[in-house]
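Observations on chain architecture
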Amino acid sequence: MVVEKLLSESGGAAAYLGDDMTDEDAFRAISGRGLGVLVSPDLRETAADVWLIPPGELTWFLERWIESCGNRDG
């Protein structure tokens, strides 16, 4: 699976954001090695670690994620 390959090659933090049932395999693959994020106006049963309601919570999350990565330009 692509998510597992990327996790094995990545040395940094990882998150997978998805919005429907087709993302459940990726949520399970990243479990314990990164953050699975369900982005949906409605909560449903999911393997994701957290649930964000778009657009406000998604925007907030992405802004915090960028801040946590710091300046990588040099």
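Bear in mind that the values here come from a model prediction, so they are computed numbers and not experimental data.

1. Thoughts on the overall build of the protein
Of regular secondary structure, the protein possesses three helices and three strands. Counted from the first residue to the last, the protein has its helices and strands arranged as α-β-α-β-β-α. Each principal axis of the C-alpha atoms in the protein carries an extent, and together these give about 40 × 30 × 15 Å. Burial analysis of the protein (74 residues in total) assigns 23% to the buried set. Counting only contacts in the protein whose residues sit at least 6 apart along the sequence, the fraction spanning at least 24 positions is 23%. Accessible surface, the protein as shown: approximately 5100 Å² in total, 55% of it carbon and sulfur.

2. Focus: the nonpolar core
By size, the foremost hydrophobic cluster in this structure holds five residues: Val3, Leu7, Ala26, Ala29 and Ile30. Of the residues forming this core, the biggest block, three residues, is contributed by helix 2 (residues 24–30). What Leu7 contacts, discounting residues up to four positions off in sequence, is Ala14, Ala29, Ile30 and Arg33.

3. Notes on the pattern of salt bridges
Counted according to the given criterion, the structure contains five salt bridges. Linking Glu63 and Arg64 is a salt bridge whose minimum nitrogen-to-oxygen distance equals 3.8 Å. Put simply, Glu63, Arg64 and Glu67 are held in one network by salt bridges that share partners.

4. So, helix 3 (residues 56–69)
In this model, helix 3 (14 residues) spans 20 Å end to end at C-alpha, consistent with the 20 Å of a helix rising 1.5 Å per residue. Note on helix 3: the residue one or two positions beyond its end, Gly70, has a positive phi of about 70°.

5. Quick word on the confidence of the model for the protein
When pLDDT drops low, the exact placement of atoms in the prediction is not to be read closely. Model confidence for the protein is summarised by a mean pLDDT of 90, while 93% of its residues fall at 70 or above. Within the protein, the element-level pLDDT minimum falls on helix 1 (residues 2–9), averaging 79, and the maximum on strand 3 (residues 50–52), averaging 98.

6. A word on the side chain of Asp23
Here Asp23 lies in the loop between strand 1 (15–18) and helix 2. Separated by 2.7 Å, the side chains of Asp23 and Tyr16 make a polar contact. Once residues within four sequence positions are removed from consideration, Asp23 is found in contact with Tyr16 and Gly18.

7. Structural notes on a nonpolar patch on the surface
Taken together, the side chains of Leu43, Trp51 and Ile53 present a nonpolar region at the surface, about 270 Å² in accessible area. Counting through the fold element by element, Trp51 comes out in strand 3.

Thresholds applied
Residues numbered from 1 in each chain as written. Predicted model: local features only at pLDDT ≥ 70, side-chain atom pairs only at ≥ 80, totals over all residues. Heavy atoms only, no water. Helix = DSSP H or I, 4+ residues; strand = E, 2+ residues; numbered from the N terminus. Buried < 20%, exposed > 50% of the residue type's maximum accessible area, 1.4 Å probe, protein only. Contact = heavy atoms within 4.5 Å. Areas by Shrake-Rupley, 256 points an atom, 1.4 Å probe, with all protein chains shown as cover. Core = buried A, V, L, I, M, F, W, Y, C linked by side-chain atoms within 4.5 Å. Salt bridge = Lys/Arg side-chain N within 4 Å of Asp/Glu carboxyl O. Expected span 1.5 Å × (residues − 1). pLDDT = per-residue confidence, 0-100. Polar contact = N/O pair within 3.5 Å; in protein donor to acceptor, adjacent residues only side chain to side chain. Patch = residues over 30% accessible without salt bridge, like charges linked within 9 Å, V, L, I, M, F, W, Y side chains within 5 Å.

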